[in-house]
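In case you want the letters, here they are:
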Amino acid sequence: MKKALRWLGRKCRITTWYHVAATYQRDSHMGMAYISLTVSVMPWIHEDNYKDVVAYVESQADKPATTPCITSITRLGP
């Protein structure tokens, strides 16, 4: 049932915006860095596309030595 709802949401072109905050280690000697960004996901975040969200955050990070650890996900809008 959940997959059918996600399929229907994608067909209807539903997009949900999220504010994502994450921490990651920037180079092995630099310590921790923080990133805060807005991410659009079609149709919404779920367990099947969470890895895609993490990969997007990693692509936006500045020289990450490790995979970012998402600390906060907040849905934006009504």
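Structural data are supplied above this passage.
Thresholds, definitions, all that
Residues numbered from 1 in each chain as written. Predicted model: local features only at pLDDT ≥ 70, side-chain atom pairs only at ≥ 80, totals over all residues. Heavy atoms only, no water. Salt bridge = Lys/Arg side-chain N within 4 Å of Asp/Glu carboxyl O. Helix = DSSP H or I, 4+ residues; strand = E, 2+ residues; numbered from the N terminus. Buried < 20%, exposed > 50% of the residue type's maximum accessible area, 1.4 Å probe, protein only.

Novice: I would appreciate a short explanation of the pattern of salt bridges in the present structure.
Specialist: Where side chains of opposite charge bring their charged atoms close, a pairing between them can arise. Using the criterion set out here, one finds 2 salt bridges in the structure. For Asp48, the salt bridge goes to Arg6, with nearest N and O atoms at 2.8 Å. Remark: Arg6 occurs in helix H1 (residues 2–11) and Asp48 occurs in the loop between strand E2 (32–41) and helix H3 (50–60); sequence separation between them is 42 residues. Here Asp48 falls in the partly exposed class, since its relative accessible area comes to 45%. Residue classification places Arg6 among the buried positions, given a relative accessible area of 11%. The residue Arg26 makes a salt bridge to Asp62 at a minimum N-O spacing of 2.8 Å. Residue Arg26 is found in the loop between strand E1 (16–25) and helix H2 (27–30), and its partner Asp62 is found in the loop between H3 and strand E3 (69–75); the two are separated by 36 residues along the sequence.

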